[in-house]
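Okay, here's what each chain looks like letter by letter:
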Amino acid sequence: MKKLLLINLFLITSLAYAGTITTAQNGDWDLTATWVGGVVPSSSDDVVIAHDNDVDDVRTCKSLTINASGQLDVQSALTITTGNSSNAGALNIKAGGALTISSGNFTNSGQITVYAGQDLIFSSGSTTLTNTGVIELKSSSSSFASLLLSGTYSETGGGALTKLKYSRYIASETYWDLIGSPVTGLSIENFIGDNTDIATNGSSPTTYGVGVYTNTSEAAGTNGGWVNYNSSNLDSAGNLEPGKGYQMATTGGSEVVFEGLLATGNVTEVVTTNEEGTADASDGTRFALISNPYASYISVPDFLNAHKDTQLHANNIAVYGWDGTNYDTYSLVSPGNNIAPGQGFLIGVAGSDGTSQTITFTTAMQTAVGSGDYSEQNPVNDRAELFINLNQNNSNKQTKLFFIEGMTDGLDPGYDAATMDIENYSIYSRLVANDEGVKMDHQSVAYSEINDKVIPLGINAEAGEEATISISHNTTNPSTYVYLEDALEGTFTNLNETDFVITPDSDLQGVGRFFIHTSSTTMSNEDVSTNLLNVFKLSNNNFI
């Protein structure tokens, strides 16, 4: 009898605590008074939101139903484990919030708003998100909402009441932005017509702040290959192509709205190189402008690893992102970098002149980790980094040197990444061995040889203006000395202790004068200079 009583008590307890729990009043999820029966839901419970409620700490439930009268503000981590869920009211993922649906389908007939920097994650590739209401994703100048879905997106009902909108911040006409559409099925004409903040210029015809990059040498002679849409060709411009990159600008910098369907499957974009064999591809004909087609971040290492063997040029296994003033390089040597939803970037295309390659974005590249356009996470610990900075006229540029075991003095594709010479780089390095005249923005050499390297440094600086060469970032061992050799003057400057300052009499250009030495011992001006043959040319001389 006692054993039967214990079993009955267990069943009663289980039924009381594992079932459907509904809100009784407005309030926080973690308060007993919020729920009918005074029981805070657990991971085994189906939850019904019928009031105005908040999630302020980490919570888990089996399924979630938000009634038409309900509103749920997620301001911490909420995970739905197994059941199908729905929203007929308002679901807001606010600062500090993330909603993860581990499995099961989700139907939205109300309003879902994901605020800048927050995540809505559907973990299962078999999930279907059905939208008969409104889903809105927001952004700021430095933070972006993310909706990660590998399964299926479906819109039913149609009309003005069913929408998926990504509000994406775009820079002003002073800086411009590289952007792609994080939705599909959006015409360029409707996009420009619906967003009055898109910058314009002139009236006959009106030129709009939306354009494309063409990498032919003929196009390079016209505004560097950048061509904008105007009122005479807008009606035939077609749709914003998923995976294709565009240059865009707004009046003063503001959010614009991309409205369409969510890209959930693989997205392909065909790119072509028109580069005719120059080492540095300085006319830009090697490069193509593409973009992240998803409403979520994607991983740079995943993207590069998927394309490094065939589609990307060996010197340019990297993505190049525009920051408003310069192109920044992101390569395999910079782990953890993620590309924001709808962010555009340039790539160096492999092959001879006229070769086409197919770039494939996969849902497996999606990640919820990110904040800005290119969100860099903490670097790994088993390497050393040395960034050398050049400052002139209040402009700071840097080249990055990495010491990683297994790297060589020659080209290590993906770990050595060339500059993108659409713009002029004022500082860069050249390969220690097998140098073919390629300017390197990232260069990696063996960690075991950290105290025995001589790395050629390229410096472009204006005559008559003070220039400063310094260390901007250094994780090498404190016992490693970093010297700048000036081969013309025969001097060594310990950059660990002091900056190198020069006011050149004539413009400085190219390599041959300056070298970075890493050493375990001190060096002086009496020491023997590098055993490399130093050859350089002053810009006002016609000899070397």
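Residues numbered from 1 in each chain as written. Predicted model: local features only at pLDDT ≥ 70, side-chain atom pairs only at ≥ 80, totals over all residues. Heavy atoms only, no water.

Asks: Is there a simple way to explain the side chain of Asn316 in this structure?
Replies: Checked against the element boundaries, Asn316 lands in the loop between helix H4 (300–307) and strand S31 (318–322). Separated by 3.0 Å, the side chains of Asn316 and Tyr320 make a polar contact. For Asn316, the contacting residues outside a window of four places in its chain are Arg286, Phe287, Gly348, Ala418 and Thr419. (Helix = DSSP H or I, 4+ residues; strand = E, 2+ residues; numbered from the N terminus. Polar contact = N/O pair within 3.5 Å; in protein donor to acceptor, adjacent residues only side chain to side chain. Contact = heavy atoms within 4.5 Å.)

Asks: What's the story with the packing of aromatic side chains in this structure? I'm lost.
Replies: We describe a pair of aromatic rings using the distance from one ring centre to the other and the angle between the two ring planes. Enumeration according to the criterion identifies eleven aromatic pairs in this entry. Seen from their ring centres, Phe387 and Phe402 are 5.7 Å apart, and the 70° between their planes marks the pair as edge-to-face. Residue Phe387 is found in strand S38 (residues 384–392), and its partner Phe402 is found in strand S39 (residues 395–403); the two are separated by 15 residues along the sequence. Phe402 matches Phe387 in its accessibility class, with the two residues each being buried. Measuring from ring centre to ring centre gives 6.2 Å for Tyr481 and Tyr483, while their planes differ by 35°; the resulting arrangement is tilted. Take Tyr481: its relative accessible area is 27%, and that puts it in the partly exposed class. Chaining the aromatic ring pairs together yields one cluster made of Phe303, Phe345 and Phe361. (Phe/Tyr/Trp six-rings, centres within 6.5 Å; stacked < 30°, edge-to-face > 60°. Buried < 20%, exposed > 50% of the residue type's maximum accessible area, 1.4 Å probe, protein only.)

Asks: In this structure, what is going on with H4? I would like to understand it.
Replies: Side chains of residues three or four places apart in an α-helix project in the same direction, reflecting 3.6 residues per turn. Turning to H4, its buried residues are Val300, Pro301, Phe303, Leu304 and His307. Taken around the axis of H4, the buried residues stretch over an arc of 160°, which confines them to a single face. The backbone nitrogen of Asp302 has a side-chain oxygen 3.1 Å away, supplied by the residue at the start of H4, namely Ser299. (Arc of directions from axis to C-beta.)

Asks: In this structure, what is going on with the sheet that holds strand S17 (residues 146–149)? I would like to understand it.
Replies: As a general point, the strands of a sheet are linked pairwise by backbone hydrogen bonds and lie either parallel or antiparallel. The strand order S5-S8-S11-S14-S17 describes an open sheet built from five strands, whose pairing is parallel. The strands lining the two open edges of the sheet, one partner per strand, are strand S5 (59–61) and S17. With direction set aside, neighbouring strand axes in the sheet form an average angle of 10°. Across four bridges, the pairing between strand S11 (residues 98–101) and strand S14 (residues 119–122) is parallel. Paired with Leu99 across the bridge in S14 is Leu120. (Pairing = 2+ DSSP bridges. Axes fitted to C-alpha atoms, helices over the stretch in contact; angles between N-to-C directions.)

Asks: Would you take a moment to explain the sheet that holds strand S19 (residues 163–170) for this structure?
Replies: Spatially, S2-S4-S7-S10-S13-S16-S19-S26 is the arrangement adopted by the eight strands of the open sheet, whose pairing is mixed. The open sheet is flanked by strand S2 (27–28) and strand S26 (254–259), the only strands paired with a single partner. Where strand S10 (residues 90–93) meets strand S13 (residues 111–114), four bridges bridge the pair, whose relative direction is parallel. Within S13, the position partnered with Ala90 by the bridge is Gln111.

Asks: Would you explain the pairing of strand S8 (residues 77–80) in this entry?
Replies: Along any regular strand, the residues point their side chains to alternate faces of the sheet. The side-chain alternation of S8 yields one buried face, formed by Leu78 and Ile80, and one unburied face, formed by Ala77 and Thr79. As paired elements, S5 and S8 share three bridges and run parallel to each other. By the bridge assignment for S8, Arg59 is matched with Leu78. Note that S8 and S11 share four bridges and pair parallel. Within S11, the residue paired with Ile80 across the bridge is Ile101.

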